[in-house]
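This is what each chain is made of:
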Number of protein chains: 4
Amino acid sequence: MSDIKAALRQQSIETPSWAYGNSGTRFKVFAQEGVPRDPYEKLADAAQVHAFTGVAPRVSLHIPWDKVDDYGDLARHASELGVRIGAINSNVFQDDDYRLGSVTNPDPAVRRKALDHLLECVDIMDLTGSDTLKLWFSDGTNYPGQDDIRARQDRLAEALSAVYDRLGEGQRFLLEYKFFEPAFYVTDVPDWGTAYAHCLRLGPKAQVVVDTGHHAPGTNIEFIVAFLLREGKLGGFDFNSRFYADDDLMVGAADPFQLFRIMYEVVRGGGYGPDSGVAFMLDQCHNIEPKIPGQIRSVMNVQEATAKALLVDGDALAAAQAAGDVLGANAVLMDAYNTDVRPLLAELREEQGLDRDPMAAYARSGYFEKIRTERVGGRQAGWGA
Amino acid sequence: MSDIKAALRQQSIETPSWAYGNSGTRFKVFAQEGVPRDPYEKLADAAQVHAFTGVAPRVSLHIPWDKVDDYGDLARHASELGVRIGAINSNVFQDDDYRLGSVTNPDPAVRRKALDHLLECVDIMDLTGSDTLKLWFSDGTNYPGQDDIRARQDRLAEALSAVYDRLGEGQRFLLEYKFFEPAFYVTDVPDWGTAYAHCLRLGPKAQVVVDTGHHAPGTNIEFIVAFLLREGKLGGFDFNSRFYADDDLMVGAADPFQLFRIMYEVVRGGGYGPDSGVAFMLDQCHNIEPKIPGQIRSVMNVQEATAKALLVDGDALAAAQAAGDVLGANAVLMDAYNTDVRPLLAELREEQGLDRDPMAAYARSGYFEKIRTERVGGRQAGWGA
Amino acid sequence: MSDIKAALRQQSIETPSWAYGNSGTRFKVFAQEGVPRDPYEKLADAAQVHAFTGVAPRVSLHIPWDKVDDYGDLARHASELGVRIGAINSNVFQDDDYRLGSVTNPDPAVRRKALDHLLECVDIMDLTGSDTLKLWFSDGTNYPGQDDIRARQDRLAEALSAVYDRLGEGQRFLLEYKFFEPAFYVTDVPDWGTAYAHCLRLGPKAQVVVDTGHHAPGTNIEFIVAFLLREGKLGGFDFNSRFYADDDLMVGAADPFQLFRIMYEVVRGGGYGPDSGVAFMLDQCHNIEPKIPGQIRSVMNVQEATAKALLVDGDALAAAQAAGDVLGANAVLMDAYNTDVRPLLAELREEQGLDRDPMAAYARSGYFEKIRTERVGGRQAGWGA
Amino acid sequence: MSDIKAALRQQSIETPSWAYGNSGTRFKVFAQEGVPRDPYEKLADAAQVHAFTGVAPRVSLHIPWDKVDDYGDLARHASELGVRIGAINSNVFQDDDYRLGSVTNPDPAVRRKALDHLLECVDIMDLTGSDTLKLWFSDGTNYPGQDDIRARQDRLAEALSAVYDRLGEGQRFLLEYKFFEPAFYVTDVPDWGTAYAHCLRLGPKAQVVVDTGHHAPGTNIEFIVAFLLREGKLGGFDFNSRFYADDDLMVGAADPFQLFRIMYEVVRGGGYGPDSGVAFMLDQCHNIEPKIPGQIRSVMNVQEATAKALLVDGDALAAAQAAGDVLGANAVLMDAYNTDVRPLLAELREEQGLDRDPMAAYARSGYFEKIRTERVGGRQAGWGA
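Residues numbered from 1 in each chain as written. Chains lettered and ligands numbered in written order. Predicted model: local features only at pLDDT ≥ 70, side-chain atom pairs only at ≥ 80, totals over all residues. Heavy atoms only, no water.

Caption draft 1: Representation of the overall build of chain A. Check the secondary structure of chain A and you find 14 helices and 10 strands. On C-alpha atoms alone, chain A measures out to a radius of gyration of 21 Å, which is about the 21 Å that the 2.2 N^0.38 rule sets for 385 residues. Taken across its 385 residues, chain A has 70% of its residues classed as buried. Here chain A carries 39 positive and 56 negative side-chain charges, and the mean point of each set is 2 Å from the other. (Helix = DSSP H or I, 4+ residues; strand = E, 2+ residues; numbered from the N terminus. Rg over C-alpha atoms; globule rule 2.2 N^0.38 Å. Buried < 20%, exposed > 50% of the residue type's maximum accessible area, 1.4 Å probe, protein only. Lys, Arg positive; Asp, Glu negative; His and termini not counted. Charge placed at Lys NZ, Arg CZ, Asp CG, Glu CD.)

Caption draft 2: Layout of the packing of helix H7 (residues 221-230) of chain B against helix H6 (residues 192-202) of chain C. As a packed pair, H7(B) and H6(C) sit with axes 11 Å apart at the nearest point and diverge in direction by 20°. Between H7(B) and H6(C), the interaxial angle falls into the category roughly parallel. H6(C) is crossed by H7(B), and the crossing has left-handed handedness. Contacts between H7(B) and H6(C) pair Phe223(B), Phe227(B) and Arg230(B) from the former with Thr194(C), Ala197(C) and His198(C) from the latter. (Axes fitted to C-alpha atoms, helices over the stretch in contact; angles between N-to-C directions. Parallel < 35°, antiparallel > 145°, perpendicular 65-115°, else oblique. Left-handed = near helix turned anticlockwise from the far one by under 90°. Contact = heavy atoms within 4.5 Å.)

Caption draft 3: Structural view of the interface of chain C and chain D. At the interface, 42 residues of chain C touch 42 residues of chain D. In total, chain C and chain D occlude about 4,100 Å² of area from one another, counting both sides; carbon and sulfur atoms represent 63% of this. On the surface where chain C and chain D come into contact, there are eight salt bridges. Between Glu181(C) and Arg26(D) there is a salt bridge, and its shortest N-O distance comes to 2.9 Å. One can count 20 residue pairs in polar contact (both at pLDDT 80 or more) joining chain C with chain D. (Buried area = accessible area lost by both parts, 1.4 Å probe. Salt bridge = Lys/Arg side-chain N within 4 Å of Asp/Glu carboxyl O. Polar contact = N/O pair within 3.5 Å; in protein donor to acceptor, adjacent residues only side chain to side chain.)

Caption draft 4: Region of interest: the relation of the copies chain D and chain A. By a simple turn and slide, chain D fits onto chain A: the slide is 0.0 Å along the axis, the RMSD is 0.0 Å, and the turn is 180°. Such a combination of rotation and displacement between the chain copies is what one expects of a two-fold axis. The C-alpha atom lying nearest the rotation axis in chain D is that of Gly193(D); the distance is 2.0 Å. Counting the interface residues of chain D, we find that 100% of their copies in chain A are interface residues as well, pointing to one common contact surface. (Least-squares fit on C-alpha atoms with pLDDT ≥ 70 in both.)

Caption draft 5: Layout of the side chain of Thr132(A). Residues and elements named next belong to chain A. Locating Thr-132 in the fold gives a position in strand E4 (residues 132-135). Here the side chain of Thr-132 touches Asp-131 through a polar contact of 3.0 Å, side chain to side chain. The contacts of Thr-132, once residues within four sequence positions are left out, are Ala-87, Ile-88, Met-125, Arg-172 and Leu-174.

Caption draft 6: Summary view of helix H10 (residues 314-322) of chain A. Residues and elements named next belong to chain A. For H10, the complete set of buried residues consists of Leu-317, Ala-320 and Gln-321. Projected down its long axis, H10 carries its buried residues within an arc of 100°, all on one side. In this structure, H10 carries Asp-315 and Ala-322 as exposed residues pointing more than 90 degrees from its buried face. Buried residues along H10 sit in contact with helix H8 (256-268) and helix H11 (326-338). With a side-chain oxygen lying 3.3 Å from the backbone nitrogen of Asp-315, the N-terminal cap of H10 falls on Asp-313. Where H10 ends, the next residue or the one after it, Gly-324, has phi of about 70°, a positive value. (Arc of directions from axis to C-beta.)

Caption draft 7: Summary view of the relation of the copies chain C and chain D. Superposition of chain C onto chain D requires a rotation of 180° combined with a translation of 0.0 Å along the rotation axis, giving an RMSD of 0.0 Å. When you check the interface residues of chain C against chain D, 100% turn up at the interface there too, and the contact is symmetric in its surfaces.

Caption draft 8: Representation of the packing of helix H7 (residues 221-230) of chain A against helix H5 (residues 149-166) of chain D. Running from N to C, H7(A) and H5(D) cross one another at 60°; their axes reach a closest spacing of 9 Å. In terms of orientation, H7(A) lies oblique with respect to H5(D). The handedness of the crossing between H7(A) and H5(D) is right-handed. Between H7(A), through Glu222(A), Phe223(A), Ala226(A), Phe227(A), Leu229(A) and Arg230(A), and H5(D), the contact on the second element is made entirely by Ile149(D), Arg150(D), Gln153(D), Asp154(D) and Ala157(D). When grouped by side-chain class, the residues that make up the contact of H7(A) with H5(D) number six nonpolar, one polar and four charged. (Nonpolar A, V, L, I, M, F, W, Y, C, P; charged D, E, K, R; others polar.)

Caption draft 9: Focus on the UniProt feature "domain: Xylose isomerase-like TIM barrel" (unreviewed entry) in chain A. According to UniProt, the "domain: Xylose isomerase-like TIM barrel" (unreviewed entry) feature falls on residues 47-242 of chain A. End C-alpha atoms of residues 47-242 of chain A are separated by 26 Å, and the span's content is 40% helix alongside 19% strand. (UniProt positions renumbered as here; feature names shortened; annotations may be inferred.)

Caption draft 10: Spotlight on the environment of Gln284(A). All names here are of chain A. Relative to the helices and strands, Gln-284 is located in the loop between strand E10 (279-282) and helix H9 (291-311). Along the backbone, Gln-284 and Thr-15 are 269 residues apart, and their C-alpha atoms lie at a distance of 9.2 Å. Ignoring sequence-local partners within four residues, the contact set of Gln-284 consists of Trp-18, Ala-19, Phe-239, Asn-240, Asp-248, Leu-249, Met-250, Val-251, Gly-294, Gln-295 and Ser-298. At a separation of 2.8 Å, a polar atom in the side chain of Gln-284 contacts the side chain of Ser-298.

Caption draft 11: Representation of the pattern of salt bridges within the structure. Summed over all chains, the structure comprises 148 salt bridges over all chains. Put simply, Glu231(C) and Arg201(B) hold a salt bridge, and the shortest N to O gap is 2.7 Å. With one member in each of two chains, Glu231(C) in the loop between helix H7 (221-230) and strand E9 (234-239) and Arg201(B) in helix H6 (residues 192-202) form a pair that bridges those chains. Of the residues examined, Arg201(B) reaches a relative accessible area of 60% and is grouped as exposed. Notably, a salt bridge pairs Glu351(D) with Arg9(D), separated by 2.6 Å at the nearest N-O pair. Of the two residues, Glu351(D) sits in helix H12 (residues 342-351) while Arg9(D) sits in helix H1 (residues 2-9), which places them 342 residues apart along the sequence. By relative accessible area, which is 44% here, Glu351(D) ends up partly exposed. Judged by relative accessible area, which is 37%, Arg9(D) ranks as partly exposed.

What follows is the structure, encoded as structure tokens:
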């Protein structure tokens, strides 16, 4: 059990700056009180999540949403708050120019503009000390025939290659795939196979990131995790959960058993721990629930799934598997899943000088009342801002 | 063949005022040139679609997007343009108050506000002469436990009953169901069965509307159409198409064979023709393609599917079905589907004094150049406006 | 907690006779040792499940698989084993005559044959004292046009009406729906709405049965449960689980959180307890795992989900829901789900004079070794036998 | 148009020996009259399909279903009938030994047995002159924890490597992936990415085969086709169609527009024509329709989709795509799709000395009456035989 606690102490779950801003669906973005109005305020909120959970020291930025004049100053600000800058997320989907795509656009001028943005993101990595660039492309087409599927792959490969060549020592990019949305016929990087094939050609600094909401119905995500780890190509996760499409609910909310199975394959495949290079990042939308508590709950959900995964009795499992004992092997896994790990995690927090119950402690802290009062005027952060 | 032409001449496909404004996904609404800035300009665009196709004389309104001071004036404007007001679509999803639902909200004050809006829509029916109210509720929950599923049904039933009682002579409402989005756990009217059960209790003025994009993957929509027609509960269609979720692409673009099968069941079940009460409405988003041509193409797609459905040799089909001749019966249906009906429709248009090719005729008309130049300044119509 | 134990003591989970025979996919039925060779041996195996769990006193029969000369004798045999006959399941899908359907077949002679079988099943209810007839129809079509969708509904309605009229005092039928398989285009009862509409017309002796594996991807099953309970039309469950289609895995194996949510709605909607009329039945295929342990594990999975559902703090939940506290309400539900109820159930078993661990106790009992040795020769039971 | 005819004349669509035998679902295999009782009779039926369509000269074999003592004799028999042996399909899923997998089984003895079978299939390639081995593995697991996902990949890689090394000059294998069934939790080769990664490591003699029914709901298959062609890794197709899962209906029956889009990408990506190495194979189940007509119709469906794909005006399409003309580009594609190509194909057949209507000609030929009378006694071929 002390091994498990030691492993849990090492965990680092990255929260995204945009989770603290307003978000929504195409139908409506509901505004909430106290929402940050600039990257500095977003970092302050992220620091709260770390303060109460102890395992969320990194914050992903989104460019241009988090553009500032002085990135060194932003990094210092983070440091003073007890957190640091994590992955840089590029955004090539919110200009009118990108109507028909960014790096795969039929128009070379648009492609150039998109590539310039990606290269600028690497500049920001240099300035902030971030080691990871996350690339998600909304590129694709809505109608059969609209554009040439293969030519778009050629254009994609060209852009990825240019970004890859720009990466410095100790830098990498993670290529994200997505089943659909906002493209509704072809998505240019629709599945892990496409992301994998591109990354394989480029080399070790290119890896695949698995967003848990970006798959076709019924897809076995833990298989993909196991496979990518076997190939040395799993760069990290964008965690969230879904019942239908890319719902972006809190991770673990829709199918906690799936999250556990994923974490089990991470641990089993050597993807856990600081040396693995596998980044645990959240990427969610708190459309109707409060933002900071939503992040705290999500961090706790990942922790609980991790604790259960670490509890699996590997020897007993291997023995049952080798014996072809279907029910026995399944029971070993379920035994860990059915364990209530909340007391263990409470104990761990106490040992770290934290409150046993992060949700209650945050609620009592008065932080929300403070930001609700202070953050009046200005423009609230949100998608598209 | 002259029977088929006569039947096609009767067709009336209703276009939605909001299709002429900007639309998009949660990631981005791309702005287009020449987009209308008020309901009068939307009607002008809709009138173009009718002018070139001859089968789109009705225009659906969306309240509050299409609110005007004088609805009588708006109706007269429509009439002068050669079209008329169709269904009134209510909107109880774009206020911050509706974060947790409208008519199913746990807060009675919000429910009251939502109901008042629905009743106001009936007032607008009275003022415009519209005979149909279309009810779509984005209501639902995102997280298990968030609200009580059954209590929400009780609240829904209460609101529907109040609206039903307010309907006048010759008025009806159509209740729309949707699998998911924007609610991501429970949707309060998620399937045809739910809509049907509520409508059945209320009486003949309540019917179900089938949006072709609102189903779980793999759902056999034509079965639902056949079943609702058998029960006398099919009120109409919101046509569009999809490869994934509620993609809202142009009807017939993703699966023209499915559209044909749906139209076949409409015809077979007595749902075709002015006396059937089945309304053919479009409900789409032209996110990346031009709006008016997108509507013209969609109208033509419905026409083509209808023509093919009318071509099915009913006697041969019935004979093969009765004989248990699987391949023979399928071949009768496919024979109609595989026929190229475009020459027939071109001929029909010519007989009606229209251009054989509505897309080309519209392109030549100069209308787009005109609106692009004239519609400068003001606020473009779009989702949320 | 004593209330919860009392409620759990009342639970009755019915196991199906066919789960003890061999089963498989279209690719292969793997034979296992010790499999029963007649209905008497099936009942003996079912009695083991009850002996070790204490909550499985009823056994569903499948006709003609479980045809015997003397049903009174079979019922007595069950009674001596400590169990009793539960639902009678009709089978109108395994004769060559049913290639194009049974009660919806275009050929009236086949329809008559199928109806006769259904009526014979009611005779067997009379003879065995069973109060429930379960109707599942594999009827449907594979190709568009193959048969007339609406005519098939008419034929279905006619057959259901004849069966309904034949039901005696205290007898009912449950109509099962299924998304697809073995029909691959239209299934004649594809969803709960279809089953509901037919049952509603017939009256109170006709109810809907929910097979948890018979839905389109992503369908919210607990919504259906809540809705049918509100309408008084939920007759029971065919429990199993699935990752993809109708996989027929052990209930709770694929998504234990979903099973919990279903059981929560059952409890919340008044569907729990002997007076509710809601039957908890298993309907699974143990293709690769041993049969009796597979049933014991399944029964335990339902028990655990039930215990968690009973643990939900209803007052706290209602308060959070009324306050619109999304995270708080969700947390109340998750609190129950995350509780490890296995100690509670072990204690309950001990109080009932049972072993705390039914799986281990069965394994130690020597029953399997006994049947493996004794059941040699004869024809093993299985699908199609 | 003469170019198109020339291209169509080159087409070669391979039919599978098992399509002529009985098949079914797990619920029932319906027996049909006149079904072959040995591989010789299967070839005779396949020769009929070629005789009436002129484009089906190759027949896939399935081992052990098509085991014979003298493969040279079988090949000669084929030749006399005017056809020849195509791909050899391995079968490692119908022995009780394979309950927990074949080449990925935890038991090394079972793995050895499975590998021996695969190597035997290469022997049969040598004996029959077949150049293609098709590998489909039903391997996978039903329950989380049942076996180690990664270890199974290691075992798979080992077996594939051994088979690869055994391949002679001019021989290749095609690795088939499948989303699910008969495994219901993990399938060891579940998607194109997995098949691609394994083939890439092995070298040019290993390619991916796309079974059009083996994907998650909503998967864009033509994207996969385009991507694999770009990578030089598309070995061929197993054609069939589906509305739900792996329904194995006649190709083109469920979504003829999808088949057209696939064929368009084949043509556009250089996958059409004898030098492309892309094999067009049928893999279907005629569960309820007659076998030989089912194959003829399927061959015709592929021909029609191909003809439409060849009709696409490439220059007009490229111009519209380059201009970002969404509707225009889509219209170019739809123009080809909406063309009725049946007269063109009838003409082509006439030029080749065939009947314009293969279905009618076969029906008139008396072949079915002949086999119905002659093929009495013996054991009908079918799944598992």
